[in-house]
Structure formats: C-alpha cells, structure tokens
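Below, each chain spelled out in residue letters.
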Amino acid sequence: MLDGLMAGLTTAVMPFNLLMVVVGCFAGTFIGMLPGLGPISAVALMIPVTYGLDPSSGIILMAGVYYGAVFGGSTSSILINAPGCASTVVTSFDGYPLAQQNQAGKALALAAYSSFTGGTIGAIILLFAAPALATVSLSFQSSDYFALMILGLTAVAAFSGKGQVIKALIMTTFGLMIATVGTDVTSGTTRFTFGSVDLIDGISFLLLAMATFALTEVIMTVLKGQHAQEEAQMDMSQLGSMKLSKTEVREVAPTVARSSVFGFLIGVLPGAGATIASFLAYGFERNLASAKEKLKFGKGALRGLAAPESANNAASTGSFVPLLTLGIPGSGTTAIMLGALIAYGIQPGPRLFVDNPDVFWSVIISMYFGNLVLLILNLPLIPYISRLLVIPRPILIPLILFFSITGVYLVSFNTFDIHMMVLITVIAIGLKLLEFPMAPMLLGFILGGLMENNLSRALMISDGSFAFLWERPLSASIVAIALLVLIVPPLLEHWNQRKGRSKGIESAVNEGEG
C-alpha cells in the first residue's frame, strides 16, 4: 500500500496533473453554476478533451470537473434558487432565504467552507479505508437498500413546518406517484404514459427540480409584485459580510463533521449518490435540532445550509469507492468515468490498486488538492459572484427563465419536456399558494424508483414474503431506526405540550393561592 501511495503522490504532484486539477475545478465550477448543467453534463463534456491525455491525467481532470460542478451548483441555488444540479437542491432550502436576508456573502462563504471540509474528510477516509469500505458496500443487499429508503422517507418531517406533517406526507406520496410514470424496470411494461411516447422514460429529476424551484420562485416573485421593488439598487455593502462569527463557527462545526462522515458513507453505497446524501443529511440535522432551532430551518438556518453542502461533497468523494474498488459506478457521473477508464484499457475493480496503483492513488490524492483549489478559487470570487443579486429583477427574471428552460431542453432536446415543465410549474404554484412544501415531493420522487427496484428484487429473493425486513440483522436495524425517527419526535412534542400545560396549571394554582 505504501509503495502504491508514493507512486500515486508522485503522479499527483506532477506539474501537468496539478494543472489538470486546477483546470478541472475551474471548468466544473463554472458549468455547475449554470442551472440544469450538472456534474454529469460537465464530465461528459470533458470526455473528448481527455482522449489525448494519459489515464492518470484524464481521470484527475474528470474528477476535478466532478466535484467542481457539485461545488459550483450551490452558487445558483443560493443566489437565484435555481439549483445547478440535483445534489444542490437542498442547499437552496436555507441558502436562498439567507441571500434574501442580505447575507449572500455569508451563505456562499459557509457553502465554500462546508464543501471543502466535506470533500477533505471524504478524501482522508477514502485514502485509508477504500479497500475495507468496498467490502462493506458489497455486504448491502436489496433488502438493506429498501430499508435505507424507508429511513430516507421518514426524514419527511424535516421538510415540513410546525403542524404541516400531513401536507408533507401528501407531497411525498405525490412524488412517489410521479416516480411510477414510465417503464417498469422489472416487467418492461409502460405505466401511466397515457399513450405518449415521450413519457416512456418517465419524468426527469432535473425537469421536476427546475419546475418546482426555479420557475415557481420566479412566477411567485412576479405574482407578489416583488420584481417591481427597488431591490436592484442595492450596493455591495448590503450583500452582507463573508465572515462567520466564533459563535456561528461553533454552531456549524459539529454539523459539518457529522454530515461529512454521513455523506461519505451514503456515497459509498452504489447507486445512492450525493443527492440522497444531501437530503438525508438535512433531515438528520433538523431532527437533531432543538424545537427552537427547528423553526429556523427553511428560513435561513446556517446548520440547514452546512449539512447538505458537507454531505454532497463527501458523497461525491465516497462514490469513487465502488467505482475504483469494485468497478461499480456509485452515481450517474461515475458511470461516465467508468466508461472513460475502460476506454483507456483500465478495468476498475479489486485489482486496480495492484495493477494500476498510479491511477488509483493519484486520483484519491488529487481530491484533496482539488478541494484546496476550489476553496482558493471560489472565496476571492464571492464578492463578484454575489453581484448577481444586484442585477435588476426585470433582467434577472428572464435570465433565470432562459437558463432553466435551456438547461432542461439540452438534456433531451425534446420540446415535450418544456411543455411538461410548464404544466408542473402551474401545479406547483397552486400547491405553494396552499402552503404545501415542495421538498417532500422531490424526496419521494428520488427514492421512488430506487425503492421499487430494491423491493422487487428483495421480494423475488424471499419468494414474495415481507419477512426480508426483519430476517437480516442489518435490514432489521435500519427499519428499527426508521421507526424511532418516525415515532420519537411526535412523542417528544406531546410530552413537551403536557409539560407546558402542567406548568401552566401549577402557576395558575399558585397565583390563585397568592
């Protein structure tokens, strides 16, 4: 291992490879900022560029583009509520409210620090534990994945305000229903397509995210008449300081540490990816918060911004574990990178760090350099990036519409997707006016397909019996945790209400006696 590590370090610190890290991070950050063009598009664009490079340099460039795009995607989420990629949707929940409160500088700086920490912790864990983690990820079966999805759905309470759990559950069910549109993977039959060829492949996550966040936010702004206000006349001093106070650092530090480790472990699981990691980290962090702090989530909570940013960058690093050690892509982006490795004549798998130690270790070591480069590149640019908020609303709104619609169209080159996006936007506006939260719908949609596939496989293995949920200790443990997450918060709330009532009665009695 030590020899391979030294070979990887020697390869990673070569001037050309360091240049590839810088170029990849810069290109990825820029592409990630554009709504709709996420890491998959960014890495795919780099494939022709890597043909003339040696394997180590090519994969280092693509890895830099990957976590650069995830890093850059948070910028458009925070400033204009238009997620650059799926994994930064959760960033907009608290990042955008912070920008509206003239704290865009602080939000972008916190996102940068959280992303750097998450990526660095992920790279360190990957450096020492990649072979062992490969064994752990292999031990997960369909029943365990299904149980994990149930745990994910129990986080729905994290995306609902006080007294809105029923609305959140309705929206989650709505998301699960949308996930069933298209072709059934197990039987190959089409469902709920209404005879339309365009719906055979289902509805894309990007389309749904852009419709329910970017377009809906723009239309709501116009309906409320905020576009006509003099917000465009703000000077840069009103965009807020980039500095975090000592109190704020102490507040977010445990969140960043927890979410980084949690996100990395989710990223290690093949098929889980940064998007699910960011949703679960946000839900986990909100459930840990006190009753008073919970009210801040969705309205500009620093912990609500730090958790998903740490988790999605750590998960991006974690997704390299199944790619490099098992030859199984951990996400859509690493699937493209798998194709690039095979094109180079390199077969990822258990023997990769024996047969090609320079490639294996240089990619891992370059991840730390990449996160350092991202921090150095982005922190000085924050005051200039924040100028997006100074653009007059009558100009900014058409630009958001243009990038949102273009981003969705460039994925499929199908005008049907634009029509579908408009329809979903109209429905989302109606639901938003009725105060239904959008995030649970996206969570249900993301987990819907994964749940169905893993449930089908688990039922086939267990001959149609649901006993698989408790037969395996790992599945039973995850289901038990999910039940606790679901049951404990309402019980605590009920207990606090009873405690409050008893205190009120006691004080009333004391006053009467007085």
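Reading the values: the criteria
- Residues numbered from 1 in each chain as written.
- Predicted model: local features only at pLDDT ≥ 70, side-chain atom pairs only at ≥ 80, totals over all residues.
- Heavy atoms only, no water.
- Salt bridge = Lys/Arg side-chain N within 4 Å of Asp/Glu carboxyl O.
- Helix = DSSP H or I, 4+ residues; strand = E, 2+ residues; numbered from the N terminus.
- Buried < 20%, exposed > 50% of the residue type's maximum accessible area, 1.4 Å probe, protein only.
- Phe/Tyr/Trp six-rings, centres within 6.5 Å; stacked < 30°, edge-to-face > 60°.
- Lys NZ or Arg CZ within 6 Å of the ring centre and 35° of its normal.
- Expected span 1.5 Å × (residues − 1).
- Bend = angle between axes of the 7 residues up to and from the residue.

Named according to an unreviewed UniProt entry, the protein is Tripartite tricarboxylate transporter permease originating from Neptunomonas marina.

So, the pattern of salt bridges
The full count for this structure, using the stated rule, is five salt bridges. Residues Glu 248 and Lys 106 are paired through a salt bridge, measuring 2.8 Å at the closest nitrogen-oxygen approach. Of this pair, Glu 248 sits in helix H10 (residues 246-268) while Lys 106 sits in helix H6 (residues 104-139), and the two are 142 residues apart along the sequence. The pair formed by Glu 248 and Lys 106 is uniform in burial state, with each residue classed as buried. Put simply, Arg 303 and Glu 293 hold a salt bridge, and the shortest N to O gap is 2.8 Å. Of this pair, Arg 303 sits in helix H13 (residues 302-318) while Glu 293 is found in helix H12 (residues 291-294), placing the two residues 10 residues apart along the sequence. Classification of Arg 303 as buried rests on a relative accessible area of 10%.

Observations concerning the packing of aromatic side chains
Counted according to the given criterion, the structure contains four aromatic pairs. Residues Phe 93 and Phe 279 carry aromatic rings whose centres are separated by 6.3 Å and whose planes lie at 75° to one another, so their mutual orientation is edge-to-face. Pair noted here: Phe 93 is in helix H5 (residues 91-100) and Phe 279 is in helix H11 (residues 273-288), with a separation of 186 residues, a long-range link. Judged by relative accessible area, which is 11%, Phe 93 ranks as buried. Exposure remark for Phe 279: the relative accessible area of 1% places this residue in the buried category. On the basis of an interplanar angle of 75° and a centroid distance of 5.5 Å, the ring pair of Phe 93 and Tyr 282 is categorised as edge-to-face. Here the residue Phe 93 occupies a position in helix H5, and Tyr 282 occupies one in helix H11, the gap between them amounting to 189 residues. For the pair Phe 93 and Tyr 282, one class covers both residues: buried. Put simply, the rings of Phe 93, Phe 279, Tyr 282 and Phe 297 touch in pairs and so form one group of aromatic residues. In this structure, Lys 167 is placed above the aromatic ring of Phe 436, and the distance from its NZ or CZ to the ring centre is 5.2 Å.

Section: the environment of Thr 415
Following the sequence through the fold, Thr 415 ends up in helix H19 (residues 415-433). According to the relative accessible area criterion, Thr 415 is partly exposed, its value standing at 46%.

Observations regarding helix H20 (residues 439-461)
When the terminal C-alpha atoms of H20 are compared, their 33 Å separation across 23 residues agrees well with the 33 Å that a helix rising 1.5 Å per residue should span. At Leu 447, H20 is deflected by roughly 35°, the largest bend along its length. Backbone geometry just after H20 places Asp 463 at a positive phi near 55°.

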